[in-house]
Amino acid sequence: MPSRPYVLLSCATSADGYLDDATPRRLILSGPADLDRVDEVRAGCDAILVGAQTVRTDNPRLLIRDPRRSARRVARGLPPHPARVTLTATGDLDRGARFFAPGALRLVYCATPALARAANLRDSAVLIDAGDPLSVAFVLADLTERGVARLLVEGGARVLGDFLAAGQADELNLAVAPFFVADPAAPRLNLPGPGDGPMTLAETRRVGEVALLRYLLGPGGPDHRFLRWAVELARLCPPSDSAFSVGAVVVGEDGEVLSTGFSREQEDHDHAEEVALRKLARGRLGPDPRLRHATIYSSLVPCGARASRPVTCVQHILAAGIPRVVFAWREPRLFTDGEGAEQLRAAGVAVTEVPGLADRARSVNVHLTDASSS
Ligand SMILES: NC(=O)c1ccc[n+]([C@@H]2O[C@H](COP(=O)([O-])OP(=O)(O)OC[C@H]3O[C@@H](n4cnc5c(N)ncnc54)[C@H](OP(=O)(O)O)[C@@H]3O)[C@@H](O)[C@H]2O)c1
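Residues numbered from 1 in each chain as written. Predicted model: local features only at pLDDT ≥ 70, side-chain atom pairs only at ≥ 80, totals over all residues. Heavy atoms only, no water.

Looking now at the nonpolar core. In this structure, L9, L49, Y109, L151, V153 and F163 are the most contacted members of the largest nonpolar core, which totals 30 residues. Not counting the four nearest positions on each side in its chain, L151 is found in contact with P5, Y6, V7, L8, A47, I48, L49, L140, L143 and F163. Within the second largest apolar cluster, 26 residues are counted, among which are V249, V354, L357 and A361. (Core = buried A, V, L, I, M, F, W, Y, C linked by side-chain atoms within 4.5 Å. Buried < 20%, exposed > 50% of the residue type's maximum accessible area, 1.4 Å probe, protein only. Contact = heavy atoms within 4.5 Å.)

This part is about helix 6 (residues 157-165). When helix 6 is considered as a whole, its buried residues turn out to be V159, L160, G161, F163 and L164. Packed against the buried residues of helix 6 are strand 1 (6-13), strand 2 (47-51), strand 3 (83-88), helix 5 (136-145) and strand 6 (150-153). Following helix 6 by one or two positions, G167 adopts a phi angle in the positive range, close to 65°. (Helix = DSSP H or I, 4+ residues; strand = E, 2+ residues; numbered from the N terminus.)

Let us now look at the pairing of strand 12 (residues 295-300). The element strand 12 is largely enclosed, with a buried count of six among its six residues. Where strand 10 (residues 247-251) meets strand 12, four bridges bridge the pair, whose relative direction is antiparallel. Its bridge partner being in strand 12, V250 is matched across the sheet by I296. Pairing of strand 12 with strand 13 (residues 324-329) involves five bridges; the strand directions are parallel. Looking at strand 13, one finds that T295 is bridged to R324. As for the winding sense of the linkage, the β-α-β connection from strand 12 through helix 9 (residues 313-320) to strand 13 is right-handed. (Pairing = 2+ DSSP bridges. Right-handed = clockwise from strand over helix to strand, strands pointing away.)

Pasting the structure below:
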């Protein structure tokens, strides 16, 4: 297992950074298109975490709305809905809250002094003694042991701040609504600056009326952050017993994400790099000119030999004119013996290997690597 889950922070704010207004009614910041986007993000996670105050004030369901997304999870061997997780220092939670409704695993991390107060939740959730004081590091270590590889943190302000302050976040998705709240009594996004330098802006997108800003965080700067994202994309691959699950991200010279892909995303034998490049359709004058200054991040070294199709990913990358490749994991000789990195270097491509992320990339494929070593 990786050392901790990939942590994705997600929230919607007003244009002046408020998470809610000061009235007892919940302020609706997202429209239907953004709620659908969040539904998709939820479907790709193993657990959704909110603070106890959000359970009390918003009473969220934390379920996947679109049954097709739940069905796809089940087809991948996952439960229909991610687990629900909350943190509490007081133990003051109402077991009638929707958080405790059946349909998904419920985990309550409770600071030791409040365990007695929270004891009435034992029938409705797994109550976990999270120490005193409760720490984000403990929660993440415990979630890892429970098999959570991808955690979505949906707020509120205190919880988002705790994860950032602990340096335990990989991504922040900020949906900015087109109005102001301008009320100092309302809860506001008041986050500590991430300790690892400026965030990496990976995407800006209009989603209905909101502007989605997608930032990557964490150590190692942009290269490590984009590569971690590529590794995460591998988790979306349709399962296979005979091919690796790989993710790829193509990033332009100015840091703009040009394309992403994952294995078998469009067709059965697709490789991640192949799909990402296919999405950047060739124009009449050849490949997208931005590729001449781009970097492709791939969780696995691009293939230099291939059984399933005649053109290898190395050949696709060279044909596109991409000058730089960053990868995490060297292909174990399971299916082919292609020397992708060496072929790329011989052709003049700058190749960077990040072995520190290899375990994470491998962990998505343990069913193949463990089977071959047993
Ligand atoms: N716009 C959005 O996307 C969005 C999303 C979610 C929430 N919200 C809004 O955010 C507001 C709630 O935010 P909030 O900051 O007040 O509360 P919160 O972050 O939802 O929850 C804070 C509570 O969680 C527990 N907690 C968090 N970190 C802890 C730690 N390290 N150790 C122990 N306990 C910990 C404590 O519970 P106890 O009090 O039980 O000790 C704490 O009071 C609401 O108005 C809600 O509508 C907005």
